[in-house]
Amino acid sequence: MNERLRLAIFLVAGPVFFGLYCYAALNLPPWGQYRGPYGDLIARLAVYERHATDTVNAINYDYRGFDTLGEEFILFTAVIGVTMLLRRQKDVPTSPAGKVADRPPLSESVRAVISPAVLVTTIFGFYIGLHGQLTPGGGFQAGVILATGSILVYLAANTEGFKRITSHVAVEVIEAVGAASYALIGIVPLLIGLPLLTNVLPLGTTGDVLSAGTIALISACVGIEVTAAFLLVIYTYLEEIVTGEIPEE
Amino acid sequence: MIWCGAGILLLLAISAFAVVRTHDVTEQVIALGFYGLVTALMFFFFQAPDVALSQITVGAVALPLMIMLALSRMKFHKATRQKEGEHE
Amino acid sequence: MPHILQSLPYFIAAWLFFCGLYGLVTSRHLVHSVICLAILQSSTYVLLLAIGYRVGGSAPIFADISPGALTVDPVVQALMLTDVVVEAVVVALLLAMVVKAYEKSGCVSPSDLRTMRG
């Protein structure tokens, strides 16, 4: 199937589908008048039942915690796929790449700004991750924010530091521990006799950092796992450039 | 307020077309970053701060970052292969 | 509200879908097609959010408003959080495949990859 045939099929089938979709979309409820019952029900009950003020995270980690468990394993499996595809095996002989990429010297002002930026990023990432049940945020956002802190280190021309942060064996262990602890937190209620992923920890007072039971704990575990996952992905993409060695074919 | 939302949606449609019609990949990454920011703005208008935070960190930071890393690895690979070709 | 404004987000979602699909069909660079796939995935965000929006509603975060106030739908937003995560990991895995295909074959266009065989 060459390109012309593909484009012809698209130009024929596309407008037909578009027309049918627009005809169907005119029958959807008008924009701005949500009338379903479940959203209102959860918005009214979540604060009293779970002592969590962020209903979106309460749904993600408690009411529909099983779906988020599946999503964490999607992330885990995708990172395994990336590392399997791109990682160099340990016993393949390598040769130095030589002076292939000349890096222009960084100005001092960039380096002067980077270290406060790394500090602010890390503190902000921890804040977002620990307040998942109170304000918008939660584990996943915190993980991505913390992982981009390592890129700031790389931007400061500190390749040795970047290599030490991201290529350590502990990063893989931390990712596995994060994913496993989410599953373990879910299995603990099974041992008591309650369904999977029930909120069994004490709920605390609404608005406290240590409230909402397992929601805060799961949010922290997800944050740990996502940080380590993104660090692994970033290092796997940059491995040849950072170490300067390429495998011989 | 609804007209403001309609305006943001039209801006979203225009920037999506701009991303698709950019053919140089490095320029497209920057356009994708802008598209991610406009999507986050739309999420803020739709009263979804959690999703907006997610979209900013993923769609405007992590996604262009990963694409640029892949592109730089491909360029590095091409440069080393060319250098080996010169040596032989 | 005029009638066209009542269904505008649904049309915008369809437009995003077709923009992404058109880019995917006529792409000449593998990374370009991966980015168009990201645009395709973001059309579902617009559709889901438009279903859950309520005029005059505020965000479903009760840290500073009372629990009985009018809010938008939080269930749809929880679905979309998963959606955003899945978009990021799908793009990461696809880019790894693109990089490996480029390293093995040396060409970066989808049509060239088909003819280089054997």
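Source: prediction; values computed, not measured.

**Quick word on the overall build of chain B**
Along chain B, the regular secondary structure elements total 3 helices and 0 strands. For chain B, the succession of helices and strands along the chain, N to C, is α-α-α. Relative to the globule expectation of 12 Å for 88 residues, the C-alpha radius of gyration of chain B, 18 Å, shows a markedly less compact shape. Structurally, chain B occupies a C-alpha span of about 65 × 25 × 10 Å along its principal axes.

**Observations regarding the overall build of chain C**
What chain C contains, in helices and strands, is 5 helices and 0 strands. Starting at the N terminus, the α and β elements of chain C follow one another as α-α-α-α-α. Against the 2.2 N^0.38 benchmark of 13 Å for 118 residues, chain C shows a C-alpha radius of gyration of 20 Å, more extended than a compact globule. The principal-axis extents of the C-alpha atoms in chain C amount to approximately 65 × 35 × 15 Å. Counting every position in chain C, which comprises 118 residues, the buried fraction comes to 53%.

**Points about the interface of chain B and chain C**
At the interface, 32 residues of chain B touch 40 residues of chain C. Listing elements by their share of the side of chain B that touches chain C, those giving two or more residues are α1 (2-21), α2 (25-45) and α3 (49-87) of chain B. Counting residues per element, the side of chain B that touches chain C draws most heavily on α3(B), which supplies 15 residues. Residues belonging to the side of chain B that touches chain C are distributed by class as follows: 23 nonpolar, 7 polar and 2 charged.

**Here's the deal with unusual backbone geometry**
Look at H51(A): it is not a glycine, yet its phi comes out positive at around 55°. With a phi close to 60°, Q47(B) is a non-glycine residue in the positive phi region. Within the secondary structure, Q47(B) sits in the loop between α2 and α3. A tally of 22 C-beta atoms within 10 Å means that Q47(B) is categorised as buried.

**Quick notes on the interface of chain A and chain C**
How big an interface is tends to be stated in terms of accessible area lost as the parts join. Listed per partner, the contact involves 45 residues of chain A and 42 residues of chain C. Broken down by secondary-structure element, the contributors of at least two residues to the side of chain A that touches chain C are α1 (3-25), α2 (37-50), α3 (55-63) and α4 (65-86) of chain A. Among the elements that make up the side of chain A that touches chain C, the one with the highest residue count is α4(A) (10 residues). Here the residues of the side of chain A that touches chain C are counted per class, giving 27 nonpolar, 11 polar and 7 charged.

**Overview of the environment of T198(A)**
You can see T198(A) is positioned in the loop between α8 (169-192) and α9 (214-243). Placed 36 residues apart in sequence, T198(A) and F162(A) show a C-alpha to C-alpha distance of 40 Å.

**Considerations on the packing of helix α5 (residues 108-130) of chain A against helix α6 (residues 139-155) of chain A**
For any two helices packed against each other, the geometry comes down to the angle between their axes and how far apart the axes lie. Residue and element names in this part refer to chain A. Between α5 and α6, the shortest axis-to-axis distance is 8 Å and the interhelical angle comes to 170°. As the angle between them shows, α5 and α6 are arranged roughly antiparallel. Here the hand of the crossing between α5 and α6 comes out left-handed. In this structure, α5 uses I114, A117, V118, T121, T122, F124, G125, I128 and G129 to contact α6, whose residues at the interface are G139, Q141, A142, I145, L146, T148, G149, L152, V153 and L155.

**Considerations on the environment of L81(C)**
For L81(C), the position within the fold is in helix α4 (residues 74-105). Separated by 31 residues in sequence, L81(C) and A50(C) place their C-alpha atoms 15 Å apart. Residue contacts for L81(C): discarding those within four places in its chain leaves V56(A), N60(A), F140(A), D50(B), V51(B) and S54(B).

**Concerning the confidence of the model for chain B**
In the predicted model, chain B carries a mean pLDDT of 90, and 99% of its residues have values of at least 70. Ranking the elements of chain B by mean pLDDT puts α3(B) last with 88 and α2(B) first with 94.

**Considering α3(B)**
Between its first and last C-alpha atoms α3(B) spans 56 Å; for 39 residues at 1.5 Å apiece the expected length is 57 Å, and the two agree. Where α3(B) bends most, at A62(B), the angle is about 35°, and the proline P64(B) comes one to four residues later.

Basis of the calculations
Residues numbered from 1 in each chain as written. Chains lettered and ligands numbered in written order. Predicted model: local features only at pLDDT ≥ 70, side-chain atom pairs only at ≥ 80, totals over all residues. Helix = DSSP H or I, 4+ residues; strand = E, 2+ residues; numbered from the N terminus. Rg over C-alpha atoms; globule rule 2.2 N^0.38 Å. Buried ≥ 20, exposed ≤ 12 C-beta atoms within 10 Å, placed from the backbone. Contact = placed C-beta atoms within 7 Å. Nonpolar A, V, L, I, M, F, W, Y, C, P; charged D, E, K, R; others polar. Axes fitted to C-alpha atoms, helices over the stretch in contact; angles between N-to-C directions. Parallel < 35°, antiparallel > 145°, perpendicular 65-115°, else oblique. Left-handed = near helix turned anticlockwise from the far one by under 90°. pLDDT = per-residue confidence, 0-100. Expected span 1.5 Å × (residues − 1). Bend = angle between axes of the 7 residues up to and from the residue.

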